[in-house]
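Breakdown of the fold
What follows is each chain in one-letter form.
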Amino acid sequence: MAERGVLLCFLFAVFFTWGFSLVHARRLGLPKTTVLDVSVSIQESLNVLSLSPWSEKMVFEHQERRSPSLSSSLALSLHPRASLHKSSHRDYKSLVLARLERDSARVRSLSTRIDLAIAGITKSDLKPVEKELEAESLETPLISGASQGSGEYFSRVGIGNPAKHVYMVVDTGSDVNWVQCAPCADCYQQADPIFEPSLSSSYAPLTCETQQCKSLDVSECRNDSCLYEVSYGDGSYTVGEFATETITLDDSAPQNNVAIGCGHDNEGLFVGAAGLLGLGGGLLSFPSQINASSFSYCLVNRDSDSASTLEFNSQLPAHSVTAPFLRNNQLDTFYYLGMTGIGVGGEMLSIPRSSFEVDESGNGGIIIDSGTAVTRLQSEVYNSLRDSFVSGTQHLPSTSGVALFDTCYDLSSRSSVEVPTVSFHFPEGKYLALPAKNYLIPVDSAGTFCFAFAPTTSQLSIIGNVQQQGTRVTYDLANSLVGFSPNGC
């Protein structure tokens, strides 16, 4: 009997200790709630429709007074779409719906890319280059990255020698850099003159035996000139001449011999941008080609005309929240995060870590992407996050969902509201608490706000740019870390 009593005491002690540890692990040192300034968000939604695009002079003046990191050797200004292109939408809700439609196409594209890579299917298996293409007459249509949701943040980049400055979309989900080129049979509208390769002394077509040409997913050889094809999950693609060219970032030293696509017949939804600067993890991306040890950006509010910087070779800011940067052997373009969980209201959700991990076949995991707007989570993870958030917002009047958002509120009578804190969690107990404006966003100018996360049927999860706004995100390539510095713009 005495032995049984001792055993019961031992079991009780073990259970109490385990239970205390579990509660301690799940209750975080975070504030349970944070405040959303409803009035400011609504005012910004009203202002964005009347913003005037930046002039060349305004861009230059911003470059003169911007303050990039002292440790950065290369930097350039980074602008949201609203500051460069005047909106043609009649109201804010139609603008939001257009953004969300682009975003859904973008997510389908990224998910298709990883699915094809895992299945061992190359893009040439799906759509080989069959037509006889000539370097001087390329007829294949291009639908721009804006149709994938990537055309939201732009930088002004110098192409060629002498440098001709054009706006380029920056995109961490792409590797191949490209620009519209003259002669141009059918180009979409851009803010600057079409680039004339014949007027650049540094333009040099690549031959088929070069490493750059061999690094393309799909290439074709015509008269020993390398032709490239880049296709997207929504069925759009671009075919053109692959060349090297000089790239200049603001007042930094020119970067010579950067491989770039030159398109002569382009059709798409880009408005303002001349092409795309790929920031992905592949061999042909701009960071890879210049051997950058790191790059960082801070995405300003998409509804503002503010600007920030895109920087290369800068040090990780002090007090950054860091997470491991992981690779997927099936596809080297995407930046995967070592993420351990999500918190709501100061407590960790009961989500298995495996929900954020890449399995042996290359499925799963969570990437961080500058071109996707709304964070996508596996359905079970999203449901847990949403249900916990809804539980903490019972005091707010709910309303019907909008597009891909199923959790919305009528805040028309409020100037500010208190909502549960949402946080991302990483190894070693590190976490990033999001400001309320990064996950409860206006979808019209009348006071309807929605919870800015969405479920996905894909196994790939994505941290989007709405959740990144206002945070400097540093891709420390040399040390395989991603750093988050709140209020870093």
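Here, the structure is the one placed above.
These remarks concern the structure in this document. The shown structure was predicted, so the numbers you read here are calculated from the model rather than taken from an experiment. (Residues numbered from 1 in each chain as written. Predicted model: local features only at pLDDT ≥ 70, side-chain atom pairs only at ≥ 80, totals over all residues. Heavy atoms only, no water.)

**Re the overall build of the chain**
Here is the rule: Labels follow the DSSP assignment, with helices taken as runs of H or I lasting at least four residues and strands as runs of E lasting at least two, numbered in each case from the N terminus. Throughout, exposure labels follow a simple rule: accessible area from a 1.4 Å probe, protein chains only, divided by the maximum for the residue type, with under 20% read as buried, over 50% as exposed, and the rest as partly exposed. It only takes one pair of heavy atoms within 4.5 Å for two residues to be counted as in contact.
Across its full length, the chain holds nine helices and 30 strands. When the 489 residues of the chain are sorted by exposure, 56% land in the buried category. At a minimum sequence separation of 6, the contacts of the chain that also span at least 24 residues come to 74%.

**Focus on the nonpolar core**
To be explicit about the condition: Within this scheme, the nonpolar core is defined by two criteria: the residues are buried Ala, Val, Leu, Ile, Met, Phe, Trp, Tyr or Cys, and they are joined through side-chain atoms within 4.5 Å.
The biggest cluster of nonpolar side chains holds 72 residues, and the ones touching the most others in it are Phe-312, Ile-342 and Phe-453. In terms of residues, this core owes the most to one element, helix H8 (residues 379–391), which gives four residues. Among residues more than four places away in sequence, those in contact with Phe-453 are Val-374, Thr-375, Leu-377, Tyr-382, Leu-385, Phe-405, Val-422, Phe-424, Leu-434, Tyr-439 and Gln-467. Leu-100, Ile-441, Val-443 and Cys-450 belong to the second-largest nonpolar core, a separate cluster that totals 16 residues.

**Details of the state of the cysteines**
Cut-off, in case you're wondering: Pairs of cysteine sulfur atoms within 2.5 Å are what we label disulfides.
Taken as a whole and assessed by the stated rule, the structure comprises five disulfides. The disulfide that involves Cys-181 links it to Cys-262, with 2.0 Å between the sulfurs. Taking the sign of the S-S torsion, about -135° here, the bridge from Cys-181 to Cys-262 comes out left-handed. Of this pair, Cys-181 sits in the loop between strand S5 (178–180) and strand S6 (204–205) while Cys-262 is found in strand S10 (residues 255–263), placing the two residues 81 residues apart along the sequence.

**Structural notes on the sheet that holds strand S23 (residues 422–426)**
Sheets are built from strands that pair by backbone hydrogen bonding, the pairs being arranged parallel or antiparallel. What counts is decided by this rule: Strand pairing is defined by DSSP finding a minimum of two bridges between the two strands. In this analysis, axes come from line fits to C-alpha atoms, helices being fitted only over the stretch in contact, and the angle between any two N-to-C directions falls in the range 0 to 180 degrees.
In space, the four strands of this open sheet follow the order S17-S16-S23-S24, with antiparallel pairing throughout. Two strands in the sheet have a free side with no partner beyond their single neighbour: strand S17 (347–348) and strand S24 (430–434). Here strand S16 (residues 341–344) runs beside S17; their pairing, made up of two bridges, is antiparallel. Counted as the bridge partner of Gly-343 is Met-348 from S17. The strands touched by H8 within the sheet are S16 and S23, with S16 carrying the most contacts at an inclination of about 15°.

**Regarding the packing of aromatic side chains**
Ring pairs (aromatic) are described by centroid distance and by the angle formed between their planes. Which entries qualify depends on this criterion: Here a Phe, Tyr or Trp ring, Trp counted by its six-membered ring, pairs with any other such ring whose centre lies within 6.5 Å, and the pair is stacked when the planes are under 30 degrees apart, edge-to-face when over 60, and tilted otherwise.
In this structure the tally under the stated criterion is 15 aromatic pairs. Measuring from centroid to centroid gives 6.0 Å for Phe-295 and Tyr-335, while their planes differ by 65°, and the two rings are edge-to-face. Of this pair, Phe-295 sits in strand S12 (residues 294–298) while Tyr-335 sits in strand S15 (residues 331–337), and the two are 40 residues apart along the sequence. On the accessibility criterion, Phe-295 (0% relative accessible area) is buried. Given the relative accessible area of 1%, Tyr-335 is considered buried.

**Quick word on H8**
Worth spelling out the cut-off: Given a helix with a known number of residues, its expected span is that number minus one, times 1.5 Å. What the arc describes is the spread of directions from the helix axis to the C-beta atoms.
For H8, which comprises 13 residues, the first-to-last C-alpha distance of 18 Å matches the rise-based estimate of 18 Å (1.5 Å per residue) to within 8%. Turning to H8, its buried residues number three or more, namely Val-381, Tyr-382, Leu-385, Arg-386 and Phe-389. The arc that holds the buried residues of H8, viewed along the axis, is 125°, so those residues lie on one side.

**Examining helix H4 (residues 92–119)**
Here is the rule we go by: Any pair of N or O atoms that falls within 3.5 Å is considered a polar contact. Within protein, one atom must be able to donate a hydrogen and the other to accept it, and sequence-neighbouring residues count only if both atoms are side-chain atoms.
Between the first and last C-alpha of H4 there are 41 Å, a value that for 28 residues agrees with the 40 Å anticipated at 1.5 Å per step. Two to three positions downstream of the cap, the backbone nitrogen of Lys-93 sits 3.3 Å from a side-chain oxygen, assigning the N-cap of H4 to Asp-91. Directly beyond the C-terminal end of H4, a positive phi value near 75° is found at Gly-120.

**A few points about unusual backbone geometry**
The omega angle of the peptide bond from Asn-161 to Pro-162 is 0°, so this bond is cis rather than trans. Mapping Pro-162 onto the fold places it in the loop between strand S3 (153–159) and strand S4 (164–171). Between Ala-182 and Pro-183 the backbone carries a cis peptide bond, its omega angle lying at 0°. Residue placement: Pro-183 occurs in the loop between S5 and S6. Phi angles above zero are rare outside glycine, and Asn-257 is one such case at about 60°. Since its relative accessible area comes to 56%, Asn-257 is described here as exposed.

**A few points about the pairing of S16**
Both faces of S16 are covered, namely the face carrying Gly-341 and Gly-343 and the face carrying Ile-342 and Val-344. Between S16 and S17, which pair antiparallel one after the other, the connecting turn spans two residues, and Gly-345 there sits at a positive phi close to 65°.

**With respect to the sheet that holds strand S21 (residues 408–410)**
Strand order in the open sheet formed by four strands is S20-S21-S26-S25, with antiparallel pairing between adjacent strands. Either end of the sheet is taken by a strand with one partner, and the two such strands are strand S20 (398–399) and strand S25 (440–442). The sheet contact formed by S20 and S21 spans two bridges and is antiparallel. Pairing of Ser-398 across the sheet is with Tyr-409, part of S21. Docked against the sheet, H8 engages S21, S25 and strand S26 (448–451), running at close to 135° with respect to S26.

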